[in-house]
Amino acid sequence: MKSRIDISFARSAKLSGGTAIVLGLSSEAKFSGADLVDPAGTFSRAAKIARFKLAKFSRLDLLAPAGSPLDRLVVVGLGKGGDVIAHDWLKAGGVAAGLLEQAEGRVWIYLDAPGLVVTAREAADFALGMLLRSYRFDKYKSVKDEPDDNGVSTAPLKVQILTSVATAAKRHFESAEAVADGVCLARDLVNEPPNILGPSEFATRAKELEALGVAVEVLTEKEMRKLGMGAILGVAQGSVRPPRLVVMQWKGGKPKDKTYAFVGKGVVFDSGGISIKPAAGMEDMKGDMGGAAAVTGLMHVLAARKARINAVGIIGLVENMPDGNAQRPGDIVTSMSGQTIEIINTDAEGRLVLCDALWYCNERFKPAFMINLATLTGAVGIALGNHHAGLFTNDDTLAANLLISGIQSNERLWRMPLGRDYDKMIDSRFADMKNTGGSRQAGSITAAQFLKRFVGNTPWAHLDIASTAMGVANDEINHSWGTGYGVRLLDELVRNYYEG
């Protein structure tokens, strides 16, 4: 959903009415633009009375400040100068957007805090934080032109960010807007109700990327059967909605450049199949396509900002339902690789979707690496909570690049182990492997070991985002149920290490 905030940059502005947000450091005890926005020194008196110290992301809100041309003045603290890190600018933008939820009219933001040098990238990150925080998914609300129950306005809001690096910030913001659009696309997809977004509908949404120059192919059930994708087809056979495999190609590099692949699990609704889930909370399983949503959002970003890379995004789209034709525990299916899989639990379906998608990707594109994203296991949330996604990989260089990109984007990862002892847990007496380890122990690891059997020697990473893609606590830049996790992380990875 499009943000209501329209952002521009300038070096200065003439103030009249409206709202101004200014930033300040606790070590400086002052803020930018003070002589213009608060000529009478109202803030100093109010800060003394309120014992306001400009701590990080603290704010002091003044209405109709005496002697000021403004209707409202908000001072936001950044903490001590030495404590301000890169990601704080993204968060500060989110804080600013939160302060403007009920605002209408014009807004000016003074970004150049005294005692702190702001770069163009940081200014653009601030604006990006504003866009991410202002995201709302309200398309199914019958009334949209009035403030909601919390007083949040839906009226367009013009925001002008004032900074000495305005010209350079504008250029950086073009890329930041592409990132915001990609994250919001991923959020939209995860937030959509499952009766609206089935496999074919998701594929149609992915086809819309063609407007940005992405080449999109949609493989139907007939084509998947011809390719021998017995694993993904087994998951889909219990639903009246046929599966789809979507291939999205962005060719922003040179023809002879390597191709980098991103693969997403797209279970549009997961009932658990015959191994049905408990009723409580099952409505959240509309978000079991968070990996596919992130890959789609990433491909949007790469195309929208004209990334200099050849990238392919592949998403396997299915619905897991328990009708009379659904696969059963005890069934044996043959994957596209020719390896056979004994089905122990039909609720361990995501790895079945991914194994055929990974094999297909590797065989067709011979990529320099494959990174898959999946809301794969509840076990990863038990281990890591929602502050990190699980990282499993067969390549130390790729691991290091992902971990650093996670820190820089604040979409953090934690590397988890792989090994032969875990791999033995999915050996089957009847088939080449079984689809679960058969116990609660090491659930996220055995899932990764399963996937590893389908990637060969290609550098590969599996990101288990089950605890980060949806339903996490609100923070400075996200108040959406679907978070869009993974889009900024992987865009940061591409920018830093793989873009030509």
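Scroll up to find the structure this text is about.
Conventions adopted
- Residues numbered from 1 in each chain as written.
- Predicted model: local features only at pLDDT ≥ 70, side-chain atom pairs only at ≥ 80, totals over all residues.
- Heavy atoms only, no water.
- Pairing = 2+ DSSP bridges.
- Helix = DSSP H or I, 4+ residues; strand = E, 2+ residues; numbered from the N terminus.
- Axes fitted to C-alpha atoms, helices over the stretch in contact; angles between N-to-C directions.
- Contact = heavy atoms within 4.5 Å.
- Phe/Tyr/Trp six-rings, centres within 6.5 Å; stacked < 30°, edge-to-face > 60°.
- Buried < 20%, exposed > 50% of the residue type's maximum accessible area, 1.4 Å probe, protein only.
- Arc of directions from axis to C-beta.
- Disulfide = S-S within 2.5 Å.
- Right-handed = clockwise from strand over helix to strand, strands pointing away.

### Structural notes on the sheet that holds strand 11 (residues 310-320)
Taking strand neighbours across the sheet as the criterion, the eight strands line up as 8-9-11-10-14-18-15-16 in an open arrangement whose pairing is mixed. Strands at the two margins of the open sheet, each flanked by one partner only, are strand 8 (215-219) and strand 16 (413-415). Here the average twist between neighbouring strands, direction ignored, is 20°. Across eight bridges, the pairing between strand 9 (residues 244-251) and strand 11 is antiparallel. Residue pairing in the sheet places Trp250 in a bridge with Ala311 of strand 11. Its contacts with the sheet place helix 15 (residues 487-498) against strand 10 (259-270), strand 14 (369-374), strand 16 and strand 18 (460-464), and it is angled at close to 165° to strand 14.

### Some points on the packing of aromatic side chains
Counted according to the given criterion, the structure contains 10 aromatic pairs. Relative to Tyr498, the ring of Tyr260 lies with its centre 5.0 Å away and its plane at 50°, an arrangement referred to as tilted. With Tyr260 in strand 10 and Tyr498 in helix 15, the pair connects residues that are 238 residues apart, well separated along the chain. For Tyr260, a relative accessible area of 12% gives the class buried. When its relative accessible area of 17% is taken as the criterion, Tyr498 is described as buried. Each residue in the set Tyr260, Phe262, Phe369, Tyr497 and Tyr498 is aromatic and connected to the rest through ring pairs, giving one cluster.

### A closer look at helix 6 (residues 199-207)
What helix 6 keeps buried is the set Pro199, Phe202, Ala203 and Ala206. One side of helix 6 holds all its buried residues, which, seen down the axis, span an arc of 100°. Packed against the buried residues of helix 6 are helix 5 (166-191), strand 8, strand 9, strand 10, helix 9 (290-304) and strand 11.

### A word on the state of the cysteines
Evaluation of the coordinates by the stated rule reveals zero disulfides. A disulfide-free cysteine, Cys361 has its sulfur positioned 13 Å from the sulfur of Cys355, the nearest such atom.

### Here we look at the pairing of strand 10
Among the 12 residues of strand 10, 11 are classified as buried, and the element is accordingly described as predominantly covered. Bridge count between strand 10 and strand 11: 11 bridges; the pairing is parallel. Bridging from a neighbouring strand, Phe262 pairs with Gly313 of strand 11. You can see the chain leave strand 10, run along helix 9 and come back into strand 11, and the turn it takes is right-handed.

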